[in-house]
Amino acid sequence: MGSAVITARAAATFEPVGRSVATARAFVRDTLQGWGYNDVVDDAVVLTSELVTNAVIHAGTAADVLCLRSAEGVRVEVADHYPEREVPLQSSGIDFGSPDRENGRGLLLCAALASRWGVEYSPTRKHVWFQLDLPDRPVGIRSAGPVLPTSLLPVTDQRVRVAVVQIDSTGAISAWNEDAAHVFGHTAEQVAGKQFTDFVAWPHTPGTSTGIADALQLSRWEGSYGIRGADGRTIAVYASHLRVRDNDGAPSTVCLLVRDDERAVLQSPVRAPVSDVSSDNRTADPFEVFIGSPAPDDLDGLLQRTVERARDMLDADAAFLLLATDDETELEVRATTGLPSARQRFARVPVEAGTGRYGSARMPAVHEDLTAVPGAVPLLADTGMRSVVTVPLKVEGRLTGSLGVAAENAGRYSNEEALRLQFAADRIALAVESARLGELERLRRGSLSFLVEASDLLAGTLDRDQTLALMAQMTVPTLATWCAVYTIADQSSDPYLSYVLHEDEDLIDGLKALLSKISPPDPVPTPGARVWSAPAEAGHRAAVSTSTRTLAADAPLSMSTATRTTLATAQAVGGETVVLPLVARNRVIGMLTLGKPSDDHFRQEILELAEDLSRRAALALDNARLYSERMAISQSLQRSLLPPGLPDVPNVEIEVIYRAAGEGNEVGGDFYDVFPISDGAYGFAIGDVCGTGPEAAAVTGLARHALRLLAREGFGGPAVLERLNAAILDEGARSRFLTLLYGELWPREDGSALLKVVCAGHPLPLRLRQDGSVVPAAEPQPLLGVIDDLELYAEEVVLDPGDVLLCVTDGITERREGSRMLGDDGLAEVLSTCTGLTAGAVAGRILRAVERFAAEPASDDMAILAMRIPEPQPQ
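Now for a description of the structure that goes with this document. Everything numeric here is computed off the predicted structure, so don't read it as measured data.

This next bit is on the packing of aromatic side chains. For the structure shown, the criterion picks out six aromatic pairs. With centroids separated by 5.8 Å and ring planes inclined at 55 degrees, the aromatic side chains of W176 and F184 adopt a geometry described as tilted. With a relative accessible area of 9%, W176 lands in the buried category. Its relative accessible area of 3% is what places F184 among the buried residues. Aromatic side chains Y486 and W532 sit 6.3 Å apart centroid to centroid with 80 degrees between the ring planes, which places their arrangement in the edge-to-face category. In this pair, Y486 sits in strand β18 (residues 482–487) while W532 sits in the loop between β20 (530–531) and α13 (534–552), placing the two residues 46 residues apart along the sequence. Residue classification places Y486 among the buried positions, given a relative accessible area of 2%. For W532, a relative accessible area of 12% translates into the label buried. Positioned above the aromatic ring of W129 is the side chain of R75, whose terminal nitrogen or guanidinium carbon lies 4.1 Å from the ring centre.

Following this line, the structure appears as structure tokens:
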């Protein structure tokens, strides 16, 4: 633009597709209208359309469009990426061809419409530019209307009366001119010192809370309301308020009032929207005029486009858009440009007036100098912005958001800019609200799906460590960048850092080390998320300390691994960190800590979702704790029902295999025991208690300990079992019947062994001889725990060298595959193949045969007791 000073610029790139031409036209029209250059919009749009058509249709490349503004006019540059094609210069003498040809018509139009135009080349692109100068306007005129016939002028009384009322800082009337007395019937003496609000009939609009007192506090205000006259009637007036201060700094408000039907005297001319006529002669959508076509189809894209257009429209340095919460008590930052958006995104500020609050959210407001009113717009604190204009976004009278633009210089904006921005906000408010509601619906659906999946995962495990891992993995990265879980063992214990997870695995160790060095958050049972600043502060201190040591040591430019880790960890915890209590059964059992990277905030919807998750996770974690405790108790009790070990019996090999059915069980209804009775005598037993659970376990413990005690008191096998039968019956309703094989073993000097066996309702023991024959080693007798008077007897068996005695429970013989059962015959057949095997090999072969008999896991406990007399070794 030569030596002209560029005051604003806007740029966009359009893909080589047909619809880009219409999009480029809308871009240039919106940009120039936003700058107030309505006089040259039509010519600029026509020229841009032709040049972009040449680029995207004929040259087949993307088109870069750049708009530059200066005090003299506007310059538009269109660049394509096909520099090999020459563009004929007007002075070259080359024939332009017929104006009806598509190729080159844009240059003919440039020559006809533009003040100046030209072509510039670069190594990769070609620029065609044109400049349109603004027409001369009368100097000093803010706005002017056309000359109208007398019949079209506004109608007033014979004399237009403008009431001038001045209200002091307390709201009292301090001045009341003659026109005010004439219009309203009250003399100055009658109203002096009285509250102005006593005379005002203020219209209350649903969805707003602004009253006359609020309007009197604004720097400027214009609109309609009513004044109660001396006769009691309400007189409709149109008013223009100006807030001023005297030489001593005392503020007051000057109100100019006319009858409402004479509002033309005071009413500021409203900037009418410039209609846009598209190629099919239909009036363009006002929303698309501001946003551009096509409009972004997602909320974030729409909001970002809005703040960028608002910034360009008012030639601002920054712009921002905040959305209101459902109850309209807070505004949440959703889009910014020219501001540190990462630091502000999703930050919240209250709406109502007060310290650090966004007091002007419900009405348009112009702040000429923010340094005079610190904290008036909290979002702009420490950003360097001096002047700002904000307008509300409203749908059906309800506050849905706030749009603002700001500049680094003071005094940049007036009421006219507020009106222009409000007009734009009114055009986009409904579209923004619709997109916001759509986003909320998607978030709620996603939240429900997330919570259902989380509940299923948490319910699928009772392992404490796995529950902790699931809690962290469900929150990272869905809800937060990093997560830490603290657990509390009991009310007297301090919180313990149990699990740490970051979306970047390389940062987990550094994050864990940092959190281990600071005190854990307080275990407060109050529901909801609360901010925890300790990690960010600790990370900042560590980063500063590390950087200071690095500089002091005059280290090389390349940082050490430890320094990089410290700085990366500080960055990771530099954002917002929140703590949610894990409360289960009215007790705080831990805390769930969620964090964001530097200068980032949590959305309220995410925090509410995290709170729901924390309740489910707390119950799952407490269930896992209870299950672990009860499993530990159960396993300890079950282990007490098994013998501590097998005794070393001279010249006898003994092997036991025990398999309890059911998950997590070490002992079921089956049991075994081998124990010394006296010198040279040993007892052995294998039994099966009817049923499962605590009652069966009680009978198991009773039987095993009673056998040892009675045998060592010198009672023989029948007497031992008869007394055990009486003890079981004494248990009453808790008793269970018991099948039991009990025997006494005496190893002999000749290498054989003498056994005395009593088989009380139990599967018969099998004897394997050296020749491979298998025979029962006892006869069946009544089981225990059913009848009072038992008459049992012992049977003697002599095991020769090489013989095997196999004792099993019914889980072995009753192994099923469909209608087939292994049975006593099947067991004997397997045992017959074990000739020459050791006791351990015999027990192992029996177990493998049983497991292979059926594909399904065993549903009953299994116990195998194998005893073998080894053959003498040759000398």
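There is more to say after this.
Another aspect to go through is the packing of helix α1 (residues 20–35) against helix α8 (residues 299–313). α8 packs onto α1 with a crossing angle of 50 degrees between their chain directions and a minimal axis gap of 7 Å. Judged on the interaxial angle alone, α8 and α1 are oblique. Residues F27, D30, G34 and W35 of α1 form the contact with α8, whose own contacting residues are R309, D312 and M313. Along the lines of polarity and charge, the residues of the contact of α1 with α8 split into three nonpolar, one polar and three charged.

Take the packing of helix α10 (residues 415–459) against helix α11 (residues 464–475) next. Between α10 and α11, the shortest axis-to-axis distance is 10 Å and the interhelical angle comes to 165 degrees. Put simply, α10 runs roughly antiparallel to α11. Regarding α10 and α11, the two cross each other, and that crossing is right-handed. Only T467, L470, M471 and M474 of α11 make contact with α10, whose side of the interface consists of F450, A454, L457 and L458. In the contact of α10 with α11, the residues fall into seven nonpolar, one polar and no charged.

How each quantity is defined
- Sequence positions are assigned chain by chain, starting from 1 and proceeding in written order.
- Two thresholds apply to this predicted model, a pLDDT of at least 70 for residue-level local features and 80 or more for giving and counting side-chain atom pairs, whereas whole-chain, interface and lining totals are computed over all residues.
- Heavy atoms throughout the structure, all of them, feed into the side-chain values; hydrogens and water do not.
- Geometry of aromatic contacts follows a simple scheme: Phe, Tyr and Trp rings, the Trp one being its six-membered ring, pair when their centres are within 6.5 Å, and the pair is stacked under 30 degrees between planes, edge-to-face over 60, tilted otherwise.
- Burial classes follow relative accessibility: with a 1.4 Å probe on protein chains only, a residue under 20% of its type's maximum area counts as buried, one over 50% as exposed, and anything between as partly exposed.
- In this text, helices come from DSSP runs of H or I with a minimum length of four residues, and strands from runs of E with a minimum of two, each type numbered from the N-terminal end.
- Only Lys NZ and Arg CZ are tested; either one counts as a charge over a ring when it is within 6 Å of the ring centre and within 35 degrees of the ring normal.
- For helices, the fitted axis covers only the stretch in contact; all axes are lines through C-alpha atoms, and the angles between them, taken along N-to-C directions, range from 0 to 180 degrees.
- Angles below 35 degrees are treated as roughly parallel, those above 145 as roughly antiparallel, those between 65 and 115 as roughly perpendicular, and all remaining angles as oblique.
- Whether two residues touch is decided by their heavy atoms; if any such pair falls within 4.5 Å, the residues are in contact.
- Gly is placed with the polar residues, together with every amino acid not listed as nonpolar (Ala, Val, Leu, Ile, Met, Phe, Trp, Tyr, Cys and Pro) or charged (Asp, Glu, Lys and Arg).
- The crossing is said to be left-handed when, going from far helix to near helix, the turn is anticlockwise and less than a right angle, and right-handed when the turn is clockwise.

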